[in-house]
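Chains, contacts and geometry: an overview
Letter by letter, the chains look like this.
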Amino acid sequence: MKTIFKYILVCIPLVFLSACSGGKESVKTTEPIIYPAPPDKPRIQYLTSFSKSTDITGERSSFLSSVVGKEEVREIVKPYGISIYKGKIYVCDTILGELIIIDLNNSTFEDFSPKGLGQLKKPINCFNDAEGRLYVTDTKRKQVVIFDKNGKYITSFGEKEKIKPIDVFVDNKNIWVSDLHNHSVMVYDKKTYKFMYSIPKANADSSARLFSPTNLAMSKNNLYVSDFGGFDVKVYSKDGKYKRTVGSYGRNLGQFVRQKGIAVDKNENLYVVDAGFENVQIFNKEGKLLMFFGGPYKGPGDMWLPAKIIIDYNNLKYFQKYVYNKFKLKYLIFVTNQYGPEKINVYGFIEEK
């Protein structure tokens with residue numbers, strides 16, 4: 001009897017430890033989901049997805065649930081914007097009216113719903129600068145709201161210019177805001193938050209004008225603007241000089257019907273989300289279509305009303321376990337889905353070893 005009692009005392013802590021260990025288990029698949037399909041050379045691998053808290057924290061065992069009760073499972077309802085900074089993923093949920101913060105270091109899934117001056121109403125997009133400050137575009141507040149790296153409210157701006165902000169990008173000097181109300185990209189000083197100039201200029205040629213600027217991306221030299229009303233992506237220099245247009249309206253490859261989020265990699269390849277095609281098209285820096293991935297949802301790797309895309313080079317270690325052993329991971333691609341069972345898809349740009 002004493003032996004059995006000692007066995008129980010030893011096993012209970014072990015059960016708790018195994019039940020409390022958070023995080024999604026590594027699943028090594030022998031059949032990776034890759035794009036493009038064979039026999040073409042693989043470029044992108046679908047790695048994983050997450051939609052609810054237990055995808056990050058792990059599910060409690062039946063034993064632990066019987067002791068402390070069932071865990072409350074929180075879900076991402078309708079995501080749009082997404083940003084990642086030092087192992088933390090920030091997701092704008094337009095239905096919840098708040099952000100979800102996923103901490104990959106600590107396997108936590110937390111609501112970010114500030115009160116007072118920082119209260120959010122309809123956050124659409126977000127961005128972390130190099131210092132970790134969080135910039136949130138709130139279309140209902142009609143402001144850009146800024147928090148420090150610990151989530152403390154700093155300030156907000158945009159009411160003087162009567163903007164309707166959709167996306168935001170921040171470099172070391174400026175804050176770039178896509179503005180539906182003024183049909184332009186508004187550029188603000190990063191230190192003073194004062195408005196400086198808009199892109200394109202008022203007297204710009206018709207080819208340079210923006211109809212409904214939504215999402216932004218930035219390379220070393222260029223500003224990319226997803227013009228929802230123009231069914232294209234327009235490219236400018238950082239001082240506002242128009243350079244070229246990528247894409248046009250239509251249902252052929254290289255065209256768009258409902259383009260949304262955009263991203264640019266280090267080689268200035270342009271990634272464009274199309275919620276109509278439910279895929280992502282990739283163009284080189286000359287605007288030539290290279291490939292596409294995703295597709296209408298049928299299973300993992302597919303998309304369901306995709307919205308935002310970001311590219312990340314700094315957090316590979318958290319997703320390395322999902323990479324097929326014949327591939328080397330170069331960078332990560334995150335795509336938000338506003339509907340379906342997989343709200344955040346994670347892909348890897350890979351090369352064969």
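Details of the structure are given in the entry above.
This text gives an overview of the structure that appears in the document. (Residues numbered from 1 in each chain as written. Predicted model: local features only at pLDDT ≥ 70, side-chain atom pairs only at ≥ 80, totals over all residues. Heavy atoms only, no water.)

With respect to the overall build of the protein
- Regarding its fold elements, the protein presents three helices and 25 strands.
- Out of the 353 residues in the protein, the part that is buried amounts to 54%.
- Across the protein, contacts joining residues at least 24 apart in sequence account for 48% of those joining residues at least 6 apart.
- Within the structure as shown, the protein displays about 17400 Å² of accessible surface, and the carbon and sulfur contribution to it stands at 53%. (Helix = DSSP H or I, 4+ residues; strand = E, 2+ residues; numbered from the N terminus. Buried < 20%, exposed > 50% of the residue type's maximum accessible area, 1.4 Å probe, protein only. Contact = heavy atoms within 4.5 Å. Areas by Shrake-Rupley, 256 points an atom, 1.4 Å probe, with all protein chains shown as cover.)

Concerning the sheet that holds strand S14 (residues 195–199)
- An order of S11-S12-S13-S14 is seen for the four strands of this open sheet, with the pairing classed as antiparallel. Because the sheet does not close on itself, it has two edges, and the strands there are strand S11 (165–170) and S14. Neighbour-to-neighbour, the strand axes of the sheet open up by a mean angle of 25°, direction not taken into account.
- Both strand S12 (residues 174–179) and strand S13 (residues 184–189) contribute to a ladder of six bridges, which runs antiparallel. Across the sheet, serine 178 pairs through a bridge with valine 185, a residue of S13. (Pairing = 2+ DSSP bridges. Axes fitted to C-alpha atoms, helices over the stretch in contact; angles between N-to-C directions.)

Some thoughts on the side chain of arginine 141
- On the secondary structure map, arginine 141 appears in the loop between strand S8 (134–138) and strand S9 (143–147).
- One buried charged residue, arginine 141, forms no salt bridge at all, with the nearest opposite charge on aspartate 138 at 5.1 Å.
- Looking at arginine 141, its side chain comes within polar contact range of the side chain of glutamine 143, at 2.7 Å.
- Those residues within four positions of arginine 141 in sequence are excluded, and the remaining contacts are Leu117, Gly118, Gln119, Lys121 and Ser156. (Lys, Arg positive; Asp, Glu negative; His and termini not counted. Salt bridge = Lys/Arg side-chain N within 4 Å of Asp/Glu carboxyl O. Polar contact = N/O pair within 3.5 Å; in protein donor to acceptor, adjacent residues only side chain to side chain.)

Side note on the nonpolar core
- In this structure, Leu47, Ile89, Ile102, Phe319, Leu332 and Phe334 are the most contacted members of the largest nonpolar core, which totals 26 residues.
- Among the elements of the structure, strand S2 (44–50), strand S3 (79–85), strand S4 (88–93), strand S5 (98–103), strand S24 (327–337) and strand S25 (344–352) are those that each provide at least two residues to this core.
- Per element, the largest residue contribution to this core is four residues, and it comes from S24.
- Judged by nonpolar contacts, the second largest core, of 25 residues, contains Tyr135, Ile146, Phe157 and Val177. (Core = buried A, V, L, I, M, F, W, Y, C linked by side-chain atoms within 4.5 Å.)

Some details on the layout of surface pockets
- Counted as a void, the largest pocket has a volume near 920 Å³.
- In terms of lining, the largest pocket is formed by 34 residues, of which the most central are Phe127, Phe169, Met218, Ile311 and Asp312.
- Residue assignment for the lining of the largest pocket shows that the elements contributing at least two residues are S3, strand S7 (123–128), S11, strand S15 (213–218), strand S19 (259–264) and strand S23 (306–312).
- Tallied by class, residues from the lining of the largest pocket come to 19 nonpolar, five polar and 10 charged.
- Along the walls of the second largest pocket sit 18 residues, with Tyr80, Ile124, Ile166, Lys260 and Gln338 positioned nearest its centre.
- For the lining of the second largest pocket, the secondary structure elements donating two or more residues are S15 and S19. (1 Å grid on protein atoms, 1.4 Å probe; cavity = no way out; pocket = protein on both sides within 12 Å on 5 of 7 lines; lining within 4 Å. Points joined across faces, edges and corners; volume = space filled by probe spheres on them. Nonpolar A, V, L, I, M, F, W, Y, C, P; charged D, E, K, R; others polar.)

Spatial relationships are all this shows, so hold off on functional conclusions.
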